[in-house]
Amino acid sequence: MTAALLAAVAGLALLDALNPATIAGVALLLLAPMAHPVRAAAGFVAGAYLTVFALGAVVYLGADVAADAAGNGLVWVRRIAFTVAAVALAVAGLRRLRARIRPAVTVPRWVNPASAAVLGLVMTGADLPNAFPYFIAIERIVNADIGTTRSLMIIGGYALVYCLPCLLLLLAGAARGDRVRRRLGALYERLGAERKQPRSVPIAAGYLGAAVGVFTIAVLA
């Protein structure tokens, strides 16, 4: 059961790790004209990690209490997790039914190596309601009933995998320095710059179809 749980949670975390906002945030900090951009990027990643772990721990502990208080508590935990996932997919699908301007990821003036962790916390926290793999993973952990300590360790592992692309980017920036700036600039233009997203009915239909499927699972759970 534990091996299957770890595989499922790792897969969900890898899916969740493909987050353009956090990756672009690290790239932008490494490119920023400040005294210690690597330290700032490291603080950003630390803030992102702590956000994912802390919120996951709070959701898990709350769900665990609810499950102990009611015989069908786990059923409701499952339903809530899959409903959140369905809503996130539906919103993503509806957005693709019209052209929109994706705002650029920018570094606020107050960000420096000492305060970058706050930016990581804010950006990650703002994005988590849309991170449907995250809530499904928490539901899987609660349902496994493996104890609080092991569950929190797995949540910590999820947070680490979530931050993996950012960590790899951070290591590349620290090791290569100016050599990777050109590539970082191209990465930022791809993931973080302002961009017009055209209307796409096929992509919208895919998201909405997935939302219907996930919501069906929530209803039947």
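It should be noted that the structure appears before, not after, this text.
Residues numbered from 1 in each chain as written. Predicted model: local features only at pLDDT ≥ 70, side-chain atom pairs only at ≥ 80, totals over all residues. Heavy atoms only, no water.

Novice: Which residues make up the environment of I136, and what are the values?
Specialist: The topology assignment puts I136 in helix α6 (residues 132-144). Looking at I136, the relative accessible area reads 11%, which means it is buried. In this structure, the C-alpha to C-alpha distance between I136 and F82, residues 54 residues apart in sequence, is 6.4 Å. (Helix = DSSP H or I, 4+ residues; strand = E, 2+ residues; numbered from the N terminus. Buried < 20%, exposed > 50% of the residue type's maximum accessible area, 1.4 Å probe, protein only.)

Novice: Describe the packing of aromatic side chains, and please don't skip the residues or the numbers.
Specialist: Evaluated as defined, the whole model comprises two aromatic pairs. Seen from their ring centres, Y49 and F53 are 6.4 Å apart, and the 5 degrees between their planes marks the pair as stacked. With Y49 and F53 both in helix α3 (residues 37-69) and four residues apart, this pair spans about one turn of that helix. For F53, a relative accessible area of 26% translates into the label partly exposed. (Phe/Tyr/Trp six-rings, centres within 6.5 Å; stacked < 30°, edge-to-face > 60°.)

Novice: Got a sec to walk through the packing of α6 against helix α7 (residues 148-162)? Specific residues and values, please.
Specialist: Look at α6 against α7: their axes get within 11 Å of each other, and the N-to-C directions meet at 160 degrees. When the interaxial angle is binned, α6 and α7 end up roughly antiparallel. For α6 against α7, the interelement crossing comes out right-handed. In this structure, α6 uses P133, Y134, A137, I138 and I141 to contact α7, whose residues at the interface are S151, I154, I155 and Y158. (Axes fitted to C-alpha atoms, helices over the stretch in contact; angles between N-to-C directions. Parallel < 35°, antiparallel > 145°, perpendicular 65-115°, else oblique. Left-handed = near helix turned anticlockwise from the far one by under 90°. Contact = heavy atoms within 4.5 Å.)

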